[in-house]
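Close look at the chain arrangement
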Amino acid sequence: FPELRKRGMVGTFFVVPGYDHATRYVNPDSQRWSDRKQPGYTIEFKSMTSEHRRALAQDGMEIGGHTMTHRNLTRVSPSEHHRELVESRLQLESELGASVDTFCYPFGGADRAIMKRVEEAGYVGAAGTFPGYEGPAPKNRFRCKRFLIQNPHYFREVLRGRAFSPAAFVRSARVFGRWRFFQ
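Now for a quick tour of the structure. (Residues numbered from 1 in each chain as written. Predicted model: local features only at pLDDT ≥ 70, side-chain atom pairs only at ≥ 80, totals over all residues. Heavy atoms only, no water.)

With that settled, the discussion passes to unusual backbone geometry. Trans peptide bonds make up the majority, and among non-glycine residues the majority have a negative phi. One non-glycine residue, His-70, lies in positive phi territory at about 55°. Among the secondary structure elements, His-70 is positioned in the loop between β5 (62-65) and α3 (78-96). Of note, the phi angle at Phe-107 is positive, near 60°, even though the residue is not glycine. Looking at the element boundaries, Phe-107 is found in the loop between β6 (102-104) and α4 (112-120). What makes Phe-107 exposed here is its relative accessible area of 56%. (Helix = DSSP H or I, 4+ residues; strand = E, 2+ residues; numbered from the N terminus. Buried < 20%, exposed > 50% of the residue type's maximum accessible area, 1.4 Å probe, protein only.)

So, in structure tokens, the structure goes:
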């Protein structure tokens with residue numbers, strides 16, 4: 001966030017309001033998450049709260065929906081979609097005092113039926129784990145491309161338009177010492 005602000009850029013933060021005040025744990029080797037502390041999960045991660053979201057929005061960042069509890073929508077019953085999509089959006093809009101227009105599919109899980117439900121929930125566009133640069137008019141506004149940025153070296157390559165170059169992967173992997181970082 002400070003780097004975005006320093007450069008005069010706006011970022012979109014896809015948030016999960018059902019995780020307020022939750023602590024999760026990360027395994028640095030596998031880069032997997034856990035909701036409970038267990039061997040190998042050594043990095044403690046406190047989830048974003050409504051206060052954090054309001055501060056980001058007040059500083060000009062976009063807040064987007066990411067479900068209420070970060071469930072894979074392709075594995076959730078249709079009866080649960082309302083809470084995950086609509087109620088989470090309404091909660092965010094209530095706490096921010098502004099509309100929440102964009103959505104990101106947890107785990108990239110989206111098929112045509114899910115995309116339709118996201119649109120019916122009131123979102124105007126959505127992204128998943130479809131990597132790529134998007135032109136001014138996306139072909140499908142509920143399947144927008146984006147990049148998952150997890151290190152500053154790869155971010156630099158994305159900004160230069162070289163996200164898919166072998167050199168971008170090699171340089172970034174060399175810094176972090178593993179290819180898994182990009183899987």
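Next, the rest of the story.
Turning to the pattern of salt bridges, a few remarks are in order. Scanning the entire structure with this criterion turns up 11 salt bridges. Notably, a salt bridge pairs Arg-54 with Glu-51, separated by 3.9 Å at the nearest N-O pair. Linking Arg-54 with Glu-51, this pair stays in helix α2 (residues 50-58), spanning 3 residues, or about one helical turn. Across the pair Arg-83 and Glu-84 runs a salt bridge whose closest N-O atoms are separated by 4.0 Å. Exposure remark for Arg-83: the relative accessible area of 40% places this residue in the partly exposed category. Taking relative accessible area as the criterion, Glu-84 reaches 2% and is therefore assigned buried. Salt bridges sharing partners connect three or more residues here, namely Arg-71, Glu-80, Arg-83 and Glu-84. (Salt bridge = Lys/Arg side-chain N within 4 Å of Asp/Glu carboxyl O.)

Two quantities define a packed helix pair, namely the angle between the helix axes and the distance between the axes. Relative orientation of the contacting elements α3 and α4 amounts to 45°, with a least axis distance of 10 Å. In terms of orientation, α3 and α4 fall into the oblique class. In this structure, the crossing between α3 and α4 has a hand that is right-handed. Residues Pro-78, His-81 and Leu-85 of α3 form the contact with α4, whose participating residues are Ile-114, Arg-117 and Val-118. In the contact of α3 with α4, the residues fall into 4 nonpolar, 1 polar and 1 charged. (Axes fitted to C-alpha atoms, helices over the stretch in contact; angles between N-to-C directions. Parallel < 35°, antiparallel > 145°, perpendicular 65-115°, else oblique. Left-handed = near helix turned anticlockwise from the far one by under 90°. Contact = heavy atoms within 4.5 Å. Nonpolar A, V, L, I, M, F, W, Y, C, P; charged D, E, K, R; others polar.)

A full pass over the atoms with the stated rule returns 3 aromatic pairs. Judged by centre distance (5.5 Å) and plane angle (75°), the rings of Phe-103 and Tyr-105 are edge-to-face. Each member of the pair Phe-103 and Tyr-105 is classed as buried. Through a chain of ring-to-ring contacts, the aromatic side chains of Phe-103, Tyr-105 and Tyr-123 assemble into a single cluster. The ring of Tyr-123 carries Arg-89 above its face, with NZ or CZ at 5.9 Å from the centroid. (Phe/Tyr/Trp six-rings, centres within 6.5 Å; stacked < 30°, edge-to-face > 60°. Lys NZ or Arg CZ within 6 Å of the ring centre and 35° of its normal.)

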